[in-house]
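Structural characterization, general
So the chains spell out like this:
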Amino acid sequence: MKQRFVVLDLETTGNTPKKNDKIIQVGAVLIEDGEIVERFASFVNPQCTIPPFIEQLTNINQEMVDRAPTFAQIAPMLCEMLRGSSLVAHNVPFDLSFLQHELKASGHPTFSGNTFDTVELARILLPTQKSYKLTDLSIFYKLNHDNPHRADSDAEATAIVFLKLLEKIQKLPSITIRQLHTFLHSMKSDIHLLFQEKGVSASLSHVLYDEKLAIRKVSQQPIEEQAITKSNLLTKVKGQLNLFDKDLSALLDARQHGLLEIPPSYKLHTFGALLFALVNNKKVVISATTLETKNALEKQVSSLSNKAAFLLSEIKGKYYYLSLARFVTVLAENDDNYDAVLTKAQILVWLTETETGDMQELSLSSGGRLLWDSINCSYGVSINESEEELCFYVRAKNRVENASIVFTNHMFLAKEIWKPEAFMQIEHFLVEDASAFHQSVSRFLGKEISYLDLYFALSRLKETPVVQQAKEELDEAFRLIRSYCLLRTKTGQSRVIYRYDVLKEKSPGWYAVLEAAQRLYMKLTEVLLSMEKEAEATALKQMRDTFNALLFSDDHQSLNWFDVHIKGARNSVTIHEQPLDVSHNLAEKFYQQKSSVLFISPALSVDNNFDYMLEELGLTDFYPKTISVENAGTDYPGVFIPTDMPAITRGKNEAFNEIAAMQLLELLEDRGGRILVTFSSLEMLSSVYQAIKSLPNAFETVVVSQSSMSGGKQKILKAAANFEKAILLVTNGFLEEINLQGEKIDTLVVMRLPFKSMDEPVMAAKISTIESQGRNSFADVSLPIAVLRFKTMISQFLEAEGPKEIFIFDKRVVEKRYGNSFLAAIPNAIIKKDSFFSIINSMD
């Protein structure tokens, strides 16, 4: 294949040429034999108006294009450049659609050569990248990409990225290149043609598995060197400690349980754990919901010693680790599904690089995650002794043996508490985010099954009459469950939760549900009897038994509920069961069994009182140490509370939503930057979003709404990352769970205090239990939960970059006596209460 490529980038007035969107700038770079030899760039007169959104995104204004040539005038130069070339673009379908449309409209032949999409290519060759946007790939390759969303700059950056990716292909093992060439024919572009070179020998830095997979060799440091490294590192760690590190180490040494409330930025509390582990030759497990602490400690340890990586390890459930035996089987299956082929290609490249085999390293699509369900280590494939060193879960367990600090997630820790395997001999634990840990324990001890769980399990089987009949019974059973829930709950919500009791449901509708459930159980049993593969049968049998237990077994120590998404399909239902209380279980299985369990979170106390979390976690009888570390030395610009906002009622709140929408636009106009707005419900969020969009000047405003976007939480942040001024509408739960470190968020607006709905099953059960004891459920449950959630939200916001202004639109924070508990949760707050426009006029 001739090595001549034209890298093209177009800026346009919109997304679709068929809707009369036009090109406003062209950038092209010619590559011959691996070198850039020519560049072409020109603004293009679209002979129409540029939308404000596009002008803000590209910084291309009307004046720039009005004096520029039309596409027809520059087409001959482009055609000459494209002759005999392959076309390269970052998202080829977009640029090609505009190119073909304009070439045809100007009387030129359309492009007929090969196309190469650098997004597709990067997803395969850089499988661990978290983003494949051109700006992010430019950062990864350390390119000077100064003008993103300008065609000349984007074409140059794409060309360099493309050349870097071609270099990466040459470094792949030859066996990997051959496999990629074989099955990449179904990609959207012709990238399979790029995988024809010989590559490198797999024997240099890789080993072969089953003569089919090239896998990275893992190097191990000799035991004697490990001992020297530990000794050298201990001296250096002692010189890096702060007072809190020493206190933490002392608590572990004293075999004491505790609650330690510290700001999220205080990441090096792990140094105290590392000191204790090195001095005492012990292991400390750190359980967390994110990788922040792990990444911070890895960075710090590597700065002290480049040979100390073995002291830190990570382990999690078998689901997260790739099963090589299963992957070889799936790799051999013919598959024309785009996501499945893409995922196989990603994993082939990833295996040449990864030491962990941990799925969370990968950047998988939703379809890729479906494939992962059938190739992970929990699938039930037995491992030969000779293959143990190639089993990624076994590798993870082996790394725990040599480590001083072991990182994990809450679900794996919950599993280890009740079914110990990897942590049986470990006595010391740090647990971050106590609330998330408590929820993980509840989920582990409970049960859960959804329509989609069973549907996808059946969809992976060969389509036989009995499998088709099982799908029909599945549809009917879950459709009846959904109808039953909707008849017994109030309408007008996007999500319905119905708590049920298998002994108390007596209506004809319930008996119809049970009858359909029994038919489904019997049909699933028929499917199991017809299955040949034991691993697949084991997974489906577990789902069948879970479904049956949730509808037919009564456990008075648990609560059960149906979760229905109204906008989903007619059978979109998840069935849940959770224990009413896990505190006694934790006391018996965790705190009594281990020497020291320390909970570390930014939100553990309410008004300097730890009683609620002590009771929730079952620590009250253990007299744990409680420590609170303040956010020292930082004054924030202020907390602003508009006192002229309408009151929020249980009914309709159109007036509040409309005023809130107008004030958010006013706030953006006056303060600029990025404004993060949190809501207690998606219903209110959607109403305010619609109110904003209906305002006259809203068309010039970038508004990113959680209600109108699918995908992960980071996707919502990235959607606003390209704009200096934007409004982000999210739920309170979003802000509790997201990591804002490094994100630029200037202003936080709390639309409503984060009280949990009393209809939520776990919350309702807590309230019922407290009231049966003659206690005040608001003071003892509702308020502390809300304050702790608020405290978490504030601490997450304070981690972001920006001037840190906070607006609270919920007047209860100043009108109710309990409002002081929320305001006290904001460190060093300077509070101003006044009408909205008085506040705006008084700000700098």
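A short tour of the structure in this document, coming up. The numbers attached to residues start from 1 for each chain and follow its sequence in the written order. pLDDT decides what is reported in this predicted model: residues at 70 or higher carry local features, side-chain atom pairs at 80 or more are listed and counted, and totals for whole chains, interfaces and linings draw on all residues regardless. Hydrogen atoms and water are omitted, and side-chain values are computed over all heavy atoms in the structure.

**Remarks on the environment of Lys299**
Tracing the backbone through its elements, the reader meets Lys299 in helix H12 (residues 292-304). For every residue, the accessible area (1.4 Å probe, protein chains only) is compared with the maximum for its type, and the residue is labelled buried under 20%, exposed over 50%, or partly exposed between those bounds. With a relative accessible area of 65%, Lys299 lands in the exposed category. Taking C-alpha positions, Lys299 is 9.9 Å from Ala309, a pair spaced ten residues apart along the chain. Numbering of helices and strands runs from the N terminus, with a helix taken as a DSSP run of H or I at least four residues long and a strand as a DSSP run of E at least two residues long.

**So, the sheet that holds strand E19 (residues 638-642)**
In any sheet, the strands associate via hydrogen bonds between backbone groups, in a parallel or an antiparallel arrangement. Spatial strand order, E21-E22-E20-E23-E24-E19-E25: seven strands in an open sheet with parallel pairing. Two strands in the sheet have a free side with no partner beyond their single neighbour: strand E21 (703-705) and strand E25 (831-834). With strand direction ignored, the average angle separating the axes of adjacent strands in the sheet is 20 degrees. Looking at chain direction, E19 and strand E24 (residues 805-808) are connected through three bridges and run parallel. Pairing of Phe640 across the sheet is with Phe807, part of E24. We call two residues in contact whenever any of their non-hydrogen atoms come within 4.5 Å of each other. Here, axes are lines fitted to C-alpha atoms. For helices the fit covers the stretch in contact, and angles between N-to-C directions go from 0 to 180 degrees. Most of the contacts of helix H25 (residues 654-671) go to strand E22 (residues 726-731), to which it runs at about 135 degrees, and overall it touches strand E20 (674-679), E22, strand E23 (747-750) and E24. Strand contacts of helix H26 (residues 682-693): E20, E21 and E22, with the helix running at about 160 degrees to E22, the strand carrying the most contacts. DSSP bridges decide pairing: two strands pair if at least two such bridges lie between them.

**Observations concerning the pairing of E23**
Alternating residues of E23 divide into Thr747 and Val749 and Leu748 and Val750, and every residue in both groups is buried. Of the strand pairs in this sheet, E20 and E23 are connected by four bridges, and their pairing is parallel. Across the sheet, Val677 pairs through a bridge with Val749, a residue of E23. Summarising the sheet, E23 and E24 pair through four bridges and their orientation is parallel. Across the sheet, residue Thr747 finds its bridge partner in E24, namely Glu805.

**Section: the sheet that holds strand E9 (residues 284-287)**
What the seven strands build is an open sheet, ordered E10-E11-E9-E12-E17-E8-E18; its pairing is parallel. What marks the edges here is a single partner per strand, and that holds for strand E10 (312-314) and strand E18 (625-628). Going across the sheet, the axis of each strand differs from the next one's by a mean of 20 degrees, ignoring polarity. Strand direction decides the pairing type here: E10 and strand E11 (residues 405-408), joined by three bridges, are parallel. For Ser313, the partnering residue across the bridge sits in E11 and is Val406. Helix H17 (residues 410-418) contacts E9, E11 and strand E12 (428-432) of the sheet and is inclined by roughly 140 degrees relative to E12.

**Regarding the packing of helix H20 (residues 465-487) against helix H21 (residues 508-530)**
Closest axis-to-axis distance for the H20/H21 pair is 9 Å, and the angle between their directions is 155 degrees. Comparing the axis directions of H20 and H21 gives the class roughly antiparallel. Crossing of H20 over H21 shows left-handed handedness. Classes in brief: Ala, Val, Leu, Ile, Met, Phe, Trp, Tyr, Cys and Pro nonpolar; Asp, Glu, Lys and Arg charged; the others, Gly included, polar. Residues that form the contact of H20 with H21 fall into these classes: 17 nonpolar, three polar and five charged. Angle categories: roughly parallel below 35 degrees, roughly antiparallel above 145, roughly perpendicular from 65 to 115, and oblique for all the rest. Working rule for handedness: look at the near helix, and if it is turned counterclockwise from the far one by less than a right angle, call the crossing left-handed; if clockwise, right-handed.

**Some points on the pattern of salt bridges**
Note that side chains of opposite charge can pair when their charged atoms are close. When a carboxyl oxygen of Asp or Glu lies within 4 Å of a side-chain nitrogen of Lys or Arg, that pair is called a salt bridge. On inspection of all chains with the given rule, the structure shows 34 salt bridges. Residue Glu355 pairs with Arg216 through a salt bridge whose shortest N-O separation is 3.0 Å. With Glu355 in the loop between helix H14 (338-350) and helix H15 (366-372) and Arg216 in strand E7 (residues 213-216), this residue pair connects regions lying 139 residues apart in the sequence. With a relative accessible area of 32%, Arg216 lands in the partly exposed category. Put simply, Lys415 and Glu421 hold a salt bridge, and the shortest N to O gap is 3.8 Å. Through salt bridges with shared partners, a single network forms among Lys294, Glu298, Glu314, Lys316 and Asp358.

**Here we look at the side chain of Ser601**
By the secondary structure assignment, Ser601 is in strand E17 (residues 596-601). Classification of Ser601 by relative accessible area gives buried; the value is 3%. Once residues lying within four places of it in the same chain are set aside, the contact partners of Ser601 are Leu260, Glu261, Ile262, Glu432, Asp433 and Ala434.

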